[in-house]
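Residues per chain are reported as follows:
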Amino acid sequence: MTGTDDVLLVHGGTPLEGEIRVRGAKNLVPKAMVAALLGSEPSRLRNVPEIRDVRVVRGLLELHGVTVRGGEEPGELVLDPSHVESANVADIDAHAGSSRIPILFCGPLLHRLGHAFIPGLGGCDIGGRPVNFHFDVLREFGATIEKRADGQYLEAPQRLRGCKIELPYPSVGSTEQVLLTAVLAEGVTELSNAAVEPEIEDLICVLQKMGAIISMDTDRTIRVTGVDKLGGYNHRALPDRLEAASWASAALATEGSVYVRGASQREMVTFLNTYRKVGGAFEVDDDGIRFWHPGGALDAIALETDVHPGFQTDWQQPLVVALTQASGLSIVHETVYESRLGFTSALNQMGAHIQLYRECLGGMPCRFGQRNFLHSAVVSGPTKLQGSDLVIPDLRGGFSYLIAALAAQGTSRVHGIDLINRGYENFMEKLPALGARVDTP
Ligand SMILES: CC(=O)N[C@H]1[C@@H](OP(=O)(O)OP(=O)(O)OC[C@H]2O[C@@H](n3ccc(=O)[nH]c3=O)[C@H](O)[C@@H]2O)O[C@H](CO)[C@@H](O)[C@@H]1O
Ligand SMILES: C=C(OP(=O)(O)O)C(=O)O
């Protein structure tokens, strides 16, 4: 999309009402697709959403000789890794900056080919997002890494071997890096301070179906006993709890009611507790969750983002829009990314009162407190929002701008909406289905 194609006019002031469906999680599906590379047989992945991160990984897998085709049911992919081969560096490089997933190709490609080339990563610009943990763990497994102008070149001079690793922080991607590498490494790998997000548990289920031996302790320790060979898997991806929470926040901020078919309570317990504290209502049934604004005033809250089972950082930005409609002072302490509150300046331009602070406004130990990052916010509400010209900064920030524009009086011009396709399936169809008044210029 370019030019005016990438602009959405949002005429606000209408509550979102109706039903939408979420499918497999953006933060699991592309990784399960990478896991298929480790198998000696085809894998079947179901509940796959049509989002850009899936297309990027599909392209990268195909470049490496994996055949990817649709399966029998809608949203099913069949991935056949029988003929994995080296890809042309220039072709891989065409995917530079597209997503964060390419770094997870390291372990599988080192096992299959003995070498790997990783282009520059993309992903949301919400902090520095270094990948030092990833490369440190790969070195522990025995890989060599060379940084060149166009990307990172890795080699495994011999079979990678299991090792004992402690992550400095429970990083999601680094934990996945360890899992995808340890399953075929020689011997046992013990990872402490691992991330335990639901998407990681689901990746462990995928790998176990392939023949891996992985155990998870309650103290964030994961143990993997390497095996010589893995088969394929048949797996239904867990639902996208991040997209579900975004629609929930949209229902609250627009004083509407949205049934999110496919949403699952188990992965959203922390979000649901917070939603209830703010004054949002929800009802869980076997097929999804209905979220609505029950009328009356919303309540201000204190919120700290954290690794699972804490309040997921990707839930933060959409919920902040709803907090602009709550009575009193809400406090938000973002402890996962140092720069994830920059999106609030546009909300202020629309009439919100959000003040950012460098200090940690919360009790949780945080890596950013003494380091000059505006990572805490005080949201003072309720404030009426007015339509505005908005430029989408990142995935969740972008969806938050859509929510704010829908809740505002008047028309907003939202630029850069294509970015939302990275993680929200068919949002351009879902919005009008919920009664949103949107059109293109
Ligand atoms: C595709 C995907 O699944 N993305 C998710 C994943 O991102 P991602 O896996 O990139 O996030 P991480 O959990 O790794 O990052 C958490 C923190 O660790 C730091 N860090 C991470 C790696 C590293 O090598 N060095 C380092 O310092 C990061 O800068 C950040 O401050 O988990 C995040 C935290 O739940 C989510 O917000 C993202 O939606
Ligand atoms: C930060 C996110 O994703 P990514 O890691 O892919 O940039 C997100 O989904 O909000």
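The shown structure was predicted, so the numbers you read here are calculated from the model rather than taken from an experiment. (Residues numbered from 1 in each chain as written. Chains lettered and ligands numbered in written order. Predicted model: local features only at pLDDT ≥ 70, side-chain atom pairs only at ≥ 80, totals over all residues. Heavy atoms only, no water.)

**So, the overall build of the protein**
- Per the secondary structure count, the protein includes 13 helices and 24 strands.
- Taken over C-alpha atoms, the radius of gyration comes to 22 Å for the protein, in line with the 22 Å a tight globule of 441 residues would show.
- In terms of its C-alpha atoms, the protein occupies a principal-axis envelope of roughly 65 × 50 × 45 Å.
- Expressed as a percentage of its 441 residues, the buried residues of the protein come to 58%.
- Element-wise, carbon and sulfur atoms account for 47% of the exposed surface of the protein, whose accessible area totals about 17000 Å².
- Each charge class in the protein can be summarised by its mean position, and for the 40 positive and 53 negative side chains these summaries are 1 Å apart. (Helix = DSSP H or I, 4+ residues; strand = E, 2+ residues; numbered from the N terminus. Rg over C-alpha atoms; globule rule 2.2 N^0.38 Å. Buried < 20%, exposed > 50% of the residue type's maximum accessible area, 1.4 Å probe, protein only. Areas by Shrake-Rupley, 256 points an atom, 1.4 Å probe, with all protein chains shown as cover. Lys, Arg positive; Asp, Glu negative; His and termini not counted. Charge placed at Lys NZ, Arg CZ, Asp CG, Glu CD.)

**Side note on the nonpolar core**
- Formed by 147 residues in total, the largest nonpolar core has its most connected members in L79, L207, W247, F271, F291 and L347.
- Looking at this core element by element, the count peaks at nine residues for helix α8 (residues 241-253).
- Domain assignment of the residues forming this core places at least three in each of domain 1 (3-22 + 239-439) and domain 2 (29-236).
- Apart from residues lying up to four places away in sequence, W247 is in contact with L16, I20, V22, V258, V260, F399, K430, L431 and L434. (Core = buried A, V, L, I, M, F, W, Y, C linked by side-chain atoms within 4.5 Å. Domains from an automatic or database assignment. Contact = heavy atoms within 4.5 Å.)

**Focus on the packing of aromatic side chains**
- If you walk through the whole model with that rule in mind, you get nine aromatic pairs.
- Here the aromatic rings of F311 and W315 are separated by 5.2 Å at their centres, their planes lie at 70°, and the arrangement is edge-to-face.
- Accessibility expressed as a relative area gives 4% for F311, which makes it buried.
- Residue class for W315 comes out buried when judged on its relative accessible area of 2%.
- For R148, the ring lying beneath its charged end belongs to Y153, and the centroid distance is 3.7 Å.
- The ring of Y169 carries the charged tip of R367 above its face, separated from the ring centre by 3.6 Å. (Phe/Tyr/Trp six-rings, centres within 6.5 Å; stacked < 30°, edge-to-face > 60°. Lys NZ or Arg CZ within 6 Å of the ring centre and 35° of its normal.)

**Concerning the pattern of salt bridges**
- Under the criterion given, the structure shown has 17 salt bridges.
- The salt bridge involving D418 is made with R52; its shortest N-O contact spans 3.4 Å. Remark: R52 occurs in helix α2 (residues 52-63) and D418 occurs in the loop between β23 (411-415) and α13 (427-433); sequence separation between them is 366 residues.
- Between R148 and E146 there is a salt bridge, with its nearest N and O atoms 3.1 Å apart.
- What you see here is one network of salt bridges that share partners, running through K164, E190, D217 and R223. (Salt bridge = Lys/Arg side-chain N within 4 Å of Asp/Glu carboxyl O.)

**A closer look at the pairing of strand β12 (residues 222-225)**
- The alternating pattern of β12 places I222 and V224 on a buried face, while none of R223 and T225, on the opposite face, is buried.
- Looking at chain direction, strand β10 (residues 188-192) and β12 are connected through four bridges and run antiparallel. Within β12, the residue paired with T189 across the bridge is V224.
- Note that strand β11 (residues 213-216) and β12 share four bridges and pair antiparallel. The residue of β12 that forms the bridge with S215 is R223. (Pairing = 2+ DSSP bridges.)

**Some words on helix α6 (residues 172-182)**
- Of all the eleven residues making up α6, ten are buried; the element is thus mostly covered by neighbouring parts of the structure.
- Looking only at α6, the buried set comprises G173, S174, T175, E176, Q177, V178, L179, L180, T181 and A182.

**Here we look at the sheet that holds strand β4 (residues 67-70)**
- Strand order in the open sheet formed by four strands is β4-β5-β3-β13, with mixed pairing between adjacent strands. On the outer flanks of this sheet lie β4 and β13 (234-236), each paired with one strand and no other. Here the average twist between neighbouring strands, direction ignored, is 20°.
- Along the sheet, α2 makes contact with β4 and β5 (77-80), crossing β4 at roughly 135°. (Axes fitted to C-alpha atoms, helices over the stretch in contact; angles between N-to-C directions.)

**Remarks on a negative patch on the surface**
- A surface patch of like charges, here negative, comprises E283, D285, D286 and D287.
- Within the secondary structure layout, D285 lies in strand β15 (residues 281-285). (Patch = residues over 30% accessible without salt bridge, like charges linked within 9 Å, V, L, I, M, F, W, Y side chains within 5 Å.)

**Topic: the site of ligand 1**
- Near ligand 1 you find 23 residues, and of these K31, S171, V172, D314 and V336 are the closest.
- For ligand 1, an oxygen atom lies 3.2 Å from a polar atom in the side chain of R367.
- Calculation on ligand 1 without its partners gives an accessible area of 740 Å², and the protein chains cover 90% of this total.
- For the shell around ligand 1, the secondary structure elements donating two or more residues are α5 (132-141), α6 and α10 (313-323).
- Grouping the constituent residues of the shell around ligand 1 by class yields eight nonpolar, eight polar and seven charged. (Near = heavy atom within 4 Å. Polar contact = N/O pair within 3.5 Å; in protein donor to acceptor, adjacent residues only side chain to side chain. Nonpolar A, V, L, I, M, F, W, Y, C, P; charged D, E, K, R; others polar.)

**Side note on the site of ligand 2**
- All residues in the neighbourhood of ligand 2 are listed as K26, R100, G123, C124, I126, R129, D314, R340, L395, R396 and R422.
- Between ligand 2 and the protein, one listed contact pairs an oxygen atom with a side-chain N or O atom of R129 at 2.7 Å.
- Expressed as a share of its isolated accessible area of 300 Å², the protein-covered part of ligand 2 is 93%.
- Grouping the constituent residues of the shell around ligand 2 by class yields three nonpolar, one polar and seven charged.
- Shared between two domains, the shell around ligand 2 holds at least three residues of each, these being domain 1 (3-22 + 239-439) and domain 2 (29-236).

**Side note on the sheet that holds β23**
- Strand order in the open sheet made by the four strands is β22-β23-β1-β24, with mixed pairing throughout. The strands lining the two open edges of the sheet, one partner per strand, are β22 (389-391) and β24 (437-439). Adjacent strand axes in the sheet meet at a mean angle of 25°, parallel and antiparallel pairs treated alike.
- Taken together, the five bridges between strand β1 (residues 7-11) and β23 define a ladder with antiparallel strand orientation.

**Re the environment of E190**
- Structurally, E190 can be placed in strand β10.
- Spatially, the C-alpha atoms of E190 and T225 are 8.8 Å apart, while their sequence positions differ by 35 residues.
- Not counting residues up to four positions away in its chain, the partners in contact with E190 are C163, K164, I165, T221, I222 and R223.

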